[in-house]
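Chains, contacts and geometry: an overview
As a plain string of letters, each chain reads:
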Amino acid sequence: MLARSLYKLSNPIRKFSTDLIKPKVTCLFHNDTNTATYIASCPETGKCAIIDPVLDYDQVGHRVTTIHADSVIAEVTKNHLEPVYILETHVHADHLTGAKILKNAFPSAQTAIGFNVTAVQVQFSRLFNLSNFRTDGSQFDKLIKDGESFSIGKLNLKAFWSPGHTPACMVYTVGDAVFSGDTLFMPDFGTARCDFPGGSADVLYQSIKKLFELPDEYRVFVGHDYGTEKRGVAWESTMGEEKRNNKHLNLSTSRDAFVQWRKERDGTLKLPKLIMESLLVNLRNGELPEPEANGISYFKLPINAL
Ligand SMILES: [Fe+2]
């Protein structure tokens, strides 16, 4: 479990002040996994970050394809953008990352994820009984620290460690845009589950309360949306809307009420259908498992283990 003392070391989000330049944000929604992939670009330089790309996987045919990643490449190329980072908000358990495909297309871009991916790698390499698996995060070009900031052209990206859903979740702010991953969903979908290994409803409460220190006018771009009949699929809200109306955790929600509700709810949820394949690829930053002597990659799936 995540040590709370470790969590307290994280930087106050208030230090993350406003930026003058606002990024252009494009969402390429992946319908099969309800995932929002974003391109956040500097309007002055064309440099951009790609956030949470997807690799298509057909679980029946056991086949990966690059349809969605190709659409991201086409969008970047069409707009003459230059990716400088390919970012993950966390080790996803519901879709395979397209980071490797994008890195191949844009070799000068750095792939990056939160520093605590190492804890996730240790945990799941045990579950999968992986031998010779590196658990130091070295599959990624860069591990991002809590509070770290770096440039995307004239934009400033600031990273915020937001554990709870997983121990390695990060939220990225780029100008006034907040890429919340699975830490906050649209107000009418609330928050993500906290019952995966290393997850904690109590810690998620603290992470979201810290996010709520951001200004109301900041745009929030969520990691997933499941749509409703009335509004269809959506991926953008504001920090003010989240603070007022998030159905699971808003400014008036007590810690005890949230933790109790989240635990009860999580007790009713099935595992995501792509969890094992996703973890096996995402822990490797988008690489398929090492091919065996016949040149074929295999997914090794634990039975009755979660
Ligand atoms: Fe997730």
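None of these values were measured; they are calculated from a predicted model.

Things to note about empty space enclosed by the protein
Scanning all chains against the criterion turns up two cavities of 30 Å³ or more. Size it by volume and the largest cavity reaches roughly 90 Å³. Val91, Ala93, Val120, Gln123, Phe124, Thr166, Pro167, Phe196, Pro197 and Leu279 together form the lining of the largest cavity. Examining the composition of the lining of the largest cavity, we find that three residues originate from one element, helix α4 (residues 117-127), more than from any other. In terms of residue class, the lining of the largest cavity is built from eight nonpolar, two polar and no charged. If you add up the space inside the second largest cavity, you get close to 30 Å³.

Some remarks on helix α2 (residues 67-78)
Between the first and last C-alpha of α2 there are 16 Å, a value that for twelve residues agrees with the 16 Å anticipated at 1.5 Å per step. Taken together, the buried positions of α2 are His68, Ala69, Val72, Ile73, Glu75 and Val76. On an axial view of α2, the arc spanned by its buried residues comes to 160 degrees, and they lie on one face. Set apart from the buried face of α2 by more than 90 degrees, the exposed residues are Ile67 and Lys78. Those residues of α2 hidden inside the fold are in contact with β1 (24-30), β2 (35-41), β3 (47-51), β4 (54-58), β6 (82-87) and α3 (99-105). Positive backbone phi, at 55 degrees, marks His80, one or two positions downstream of α2.

Comments concerning the coordination of the iron ion
Distances from the iron ion to its protein donors, His90 (NE2), His165 (NE2) and Asp182 (OD), fall within 2.0 to 2.4 Å. Judged by relative accessible area, which is 2%, His90 ranks as buried.

Quick word on the pairing of strand β8 (residues 110-114)
With respect to burial, β8 is a largely interior element, four of its five residues being buried. In this fold, β8 hands off to α4, which returns the chain to strand β9 (residues 142-144); that crossover is right-handed.

Comments concerning the UniProt feature "domain: Metallo-beta-lactamase" (unreviewed entry) in the protein chain
As recorded in UniProt, the feature "domain: Metallo-beta-lactamase" (unreviewed entry) lies at residues 33-224. Between the end C-alpha atoms of residues 33-224 there is a gap of 8 Å, over a span that is 21% helix and 32% strand.

Looking at the environment of Ala305
Relative to the helices and strands, Ala305 resides in the segment after α8 (275-282). Along the sequence, Ala305 and Phe29 sit 276 residues apart, while their C-alpha atoms lie 32 Å from each other.

Observations regarding the nonpolar core
Grouped together as the largest cluster of nonpolar side chains are 27 residues, with contacts concentrated most on Tyr38, Leu87, Ile144, Tyr172 and Phe179. For this core, the leading source of residues is strand β11 (residues 155-161), giving four residues. Contacts of Tyr172, omitting those with residues within four sequence positions, involve Leu87, Glu88, Thr89, Ile113, Gly114, Ile144, Leu157, Lys158, Ala159, Ala177, Val178 and Phe179. Grouped together as the second largest cluster of nonpolar side chains are 21 residues, Cys194, Ile208, Val220 and Leu249 included.

Description of the pattern of salt bridges
Across all of its chains, the model carries 13 salt bridges by this definition. When the shortest N-O distance is used, the salt bridge between Lys78 and Glu75 registers 3.6 Å. Of this pair, Lys78 and Glu75 both sit in helix α2, three residues apart, which is roughly one turn of the helix. Of the residues examined, Lys78 reaches a relative accessible area of 56% and is grouped as exposed. Under the relative-accessibility criterion, Glu75 is labelled buried at 18%. A salt bridge links Asp216 to Lys243; the shortest N-O distance between them is 2.7 Å.

What counts and how
- Residues numbered from 1 in each chain as written.
- Predicted model: local features only at pLDDT ≥ 70, side-chain atom pairs only at ≥ 80, totals over all residues.
- Heavy atoms only, no water.
- 1 Å grid on protein atoms, 1.4 Å probe; cavity = no way out; pocket = protein on both sides within 12 Å on 5 of 7 lines; lining within 4 Å.
- Points joined across faces, edges and corners; volume = space filled by probe spheres on them.
- Helix = DSSP H or I, 4+ residues; strand = E, 2+ residues; numbered from the N terminus.
- Nonpolar A, V, L, I, M, F, W, Y, C, P; charged D, E, K, R; others polar.
- Expected span 1.5 Å × (residues − 1).
- Buried < 20%, exposed > 50% of the residue type's maximum accessible area, 1.4 Å probe, protein only.
- Arc of directions from axis to C-beta.
- Contact = heavy atoms within 4.5 Å.
- Donors = N, O, S within 2.8 Å, 3.2 Å for Na, K, Ca; no water.
- Right-handed = clockwise from strand over helix to strand, strands pointing away.
- UniProt positions renumbered as here; feature names shortened; annotations may be inferred.
- Core = buried A, V, L, I, M, F, W, Y, C linked by side-chain atoms within 4.5 Å.
- Salt bridge = Lys/Arg side-chain N within 4 Å of Asp/Glu carboxyl O.

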